[in-house]
Amino acid sequence: MKSVPEVSSRGASAPFIAMEVMREAAVLAAQGGVHGKRIIQLAVGQPSTGAPHLVREAAARALQKSRLGYTDSMGILKLREAIARHYDEHYGQSVSPDRIIVTSGSSGGFMLAFLACFEAGARVAIAEPCYPAYRNILKSLGLEVVGIPVGPETRWNLTPELIAKAESRHGRISGVLVASPGNPTGTMLDAVQLAALAKSCEAEGRWFISDEIYHGISYGMAETTALAFSPDALVINSFSKYYSMTGWRLGWLIAPPRMMVPLDRLAQNIFISPPALSQEAAVTAFGATEELDANVAVYAANRKLLLEELPKAGFDNFAPADGAFYLYTDISRFLRPGGNADSTEFCKRMLREIGVAVTPGHDFDTTRGGQTVRFSFSGATADMAEAAERIKAWLA
Ligand SMILES: Cc1ncc(COP(=O)(O)O)c(C=O)c1O
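So, how was this worked out
- Residues numbered from 1 in each chain as written.
- Predicted model: local features only at pLDDT ≥ 70, side-chain atom pairs only at ≥ 80, totals over all residues.
- Heavy atoms only, no water.
- Core = buried A, V, L, I, M, F, W, Y, C linked by side-chain atoms within 4.5 Å.
- Buried < 20%, exposed > 50% of the residue type's maximum accessible area, 1.4 Å probe, protein only.
- Helix = DSSP H or I, 4+ residues; strand = E, 2+ residues; numbered from the N terminus.
- Contact = heavy atoms within 4.5 Å.
- Axes fitted to C-alpha atoms, helices over the stretch in contact; angles between N-to-C directions.
- Parallel < 35°, antiparallel > 145°, perpendicular 65-115°, else oblique.
- Left-handed = near helix turned anticlockwise from the far one by under 90°.
- Nonpolar A, V, L, I, M, F, W, Y, C, P; charged D, E, K, R; others polar.
- Near = heavy atom within 4 Å.
- Polar contact = N/O pair within 3.5 Å; in protein donor to acceptor, adjacent residues only side chain to side chain.
- Pairing = 2+ DSSP bridges.
- Right-handed = clockwise from strand over helix to strand, strands pointing away.
- Domains from an automatic or database assignment.
- Buried area = accessible area lost by both parts, 1.4 Å probe.
- Salt bridge = Lys/Arg side-chain N within 4 Å of Asp/Glu carboxyl O.

Enquirer: Please set out the nonpolar core residue by residue, giving values where relevant.
Expert: Counting 88 residues, the largest nonpolar core has F208, F239 and F315 as the members making the most contacts within it. Top contributing element to this core by residue count: helix α10 (residues 289–313), with seven residues. Filtering out sequence-adjacent residues up to four positions away, F239 remains in contact with L79, S244, M245, L250, G251, W252, A282, A285 and F286.

Listed below in structure tokens is the structure:
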């Protein structure tokens, strides 16, 4: 008898550890918390607020009035037009709706972009630390990931020089993927740095993919889109973060005109269409700035609070948190033989002993992540204050 094969090497993906921490935190919360304390969630990067009121009202109307069947695989035209207007109003960039495809979260955009841009086996460069799904999706699609270690020397960002060096070590690099603000660091590229990366990719014949999902959430530094610097850049964005719509699974991808037919065909076959209800509602999201900026003011207060309180507990060497809602910090002083062996154990104990969920650095950096953790401050300020008090007492 023939035996059914084991899982394929592409299917044997590494976990997205933050999601696993979220799962354990949810189980503990359902059990009533730990040692009489409720669980505080600082592991996953999702706003604790719901979608803006305008969006919820539009969803309620659509639920009554629309059939909510499959939509055009590129997304409904009025949403693509609304996204195009946003680029005009927010960045002063004129983008035709024909270059915009609505996706199932930015995650759907990654699948489409990676498939449309790269042959199987191609090398794609990413910074380490970075958002873990980049590495895991690329690998699952049969692409070779070139993780380039970054740190304070380059403000945790890739540079054309680092990419050239990696190419001389690993061989031809076909594409570069960056995020600004980044995850887990929150660090941003300024316009000069982003332009240098986009233009060097263009000059070297590489795809440049710019993940701009945290645009809208920054603390003083100006946001620029890669669209301003290269007609060949692919820009990925989402309604998940600034728009506070994680569960609505909606994002968008902007690509050069010649890529739109291939992207559309991939989208038709893989996703058929993005979620209809979410699209109908999201048309109104660009009008909800006042409500959404109030959320960002909460993130700013949370960031300030944690940057004041966490150093009192002994955390230091924070990456510059220019945007997004994360603090990425060193924990080597809390590690010792016989005690916490690494960030995974440190985070497990923090959750099980004081009910505070944070994400171990292993998720973001496969080589150095044992010595770092990421705090997400996307929740309520009272939760940040309570978490900081518990952590200070725990580590005292
Ligand atoms: C940098 C980055 N890109 C993409 C995503 C995926 O977001 P979504 O698929 O919800 O748009 C995340 C989620 O945390 C992220 O941090």
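Now that the structure is up, let's keep going.
Enquirer: Kindly report on the packing of helix α4 (residues 105–117) against helix α8 (residues 260–270), identifying the contributing residues and their values.
Expert: Where α4 contacts α8, the axes come no closer than 10 Å and their chain directions differ by 125°. Comparing their axes, α8 and α4 come out oblique. For the crossing formed where α4 meets α8, the hand is right-handed. Here L112, A113, L115 and A116 of α4 come into contact with α8, specifically with L263, L266, A267 and I270. When its residues are assigned to classes, the contact of α4 with α8 shows eight nonpolar, no polar and no charged.

Enquirer: Before we move on, could you go through the site of the ligand and cite the residues and values that matter?
Expert: Taken together, 14 residues are adjacent to the ligand, and S107, Y214, S238, S240 and K241 come closest. R249 places a polar side-chain atom, nitrogen or oxygen, 2.8 Å from an oxygen atom of the ligand. At four residues, the largest contribution of residues to the shell around the ligand is made by α4. Split by residue class, the shell around the ligand holds five nonpolar, six polar and three charged.

Enquirer: Describe in detail the sheet that holds strand β12 (residues 372–376), supporting the description with residues and values.
Expert: An order of β9-β12-β11 is seen for the three strands of this open sheet, with the pairing classed as antiparallel. If you trace the sheet from one side to the other, it starts and ends with β9 (326–330) and β11 (359–360), each paired once. In the sheet, β9 pairs with β12 via five bridges, with the strands oriented antiparallel. In the strand pairing of β12, Y328 is matched with R374.

Enquirer: Describe the pairing of strand β4 (residues 144–149), naming the residues involved and giving the relevant values.
Expert: Bridge count between strand β3 (residues 123–128) and β4: six bridges; the pairing is parallel. Pairing of A127 across the sheet is with I148, part of β4. Running through helix α5 (residues 132–140), the crossover from β3 to the neighbouring parallel element β4 is right-handed.

Enquirer: Account for the domain arrangement of the chain, with residues named and values stated.
Expert: Split into domains, the chain comes out as domain 1 (17–50 + 289–395) and domain 2 (69–287). When each unit is reduced to the centre of its C-alpha atoms, the spacing between domain 1 and domain 2 is 26 Å. Opposite the 31 residues of domain 1 that make contact, domain 2 presents 32 residues. When domain 1 packs against domain 2, close to 2600 Å² is buried across both sides, 54% of that on carbon and sulfur atoms. When residues of domain 1 are sorted by the area they lose upon contact with domain 2, L292, D322 and F364 head the list and together hold 23% of the total. Where domain 1 touches domain 2, the interface holds one salt bridge. Salt-bridge contacts for R155 lead to D322; the nearest nitrogen and oxygen are separated by 2.9 Å. On the surface where domain 1 and domain 2 come into contact, there are 23 residue pairs in polar contact (both at pLDDT 80 or more).

Enquirer: So what's going on with the pattern of salt bridges? Which residues, and what values?
Expert: The final tally for this structure, using the stated rule, is 17 salt bridges. The partner of R135 in a salt bridge is E128, with the nearest N and O atoms 3.2 Å apart. Overall, E128 belongs to the buried group, its relative accessible area being 5%. E309 is paired through a salt bridge with K392; the nearest N and O atoms lie 2.4 Å apart. Separated by 83 residues along the polypeptide, E309 in helix α10 and K392 in helix α12 (residues 381–395) bring together distant segments of the chain. Taken together, the shared-partner salt bridges connect E309, K312, E389 and K392 into one network.

Enquirer: With reference to specific residues and values, describe the sheet that holds strand β2 (residues 100–103).
Expert: The seven strands lie next to each other as β2-β8-β7-β6-β5-β3-β4, forming an open sheet whose pairing is mixed. Each edge of the open sheet carries a strand with a single partner, namely β2 and β4. Geometrically, the sheet is characterised by an average inter-axis angle of 20° between neighbouring strands, direction not taken into account. This element, helix α6 (residues 160–170), spans β3, β4 and β5 (175–179) of the sheet and lies at about 130° to β4. On the sheet, α8 packs against β2 and β8 (251–254) and is oriented at approximately 20° with respect to β2.

Enquirer: Explain the environment of G108 residue by residue, including any values.
Expert: Along the chain, G108 falls in helix α4. Looking at G108, the relative accessible area reads 3%, which means it is buried. When residues no more than four places from it in sequence are discounted, the contact partners of G108 are T103 and F271.

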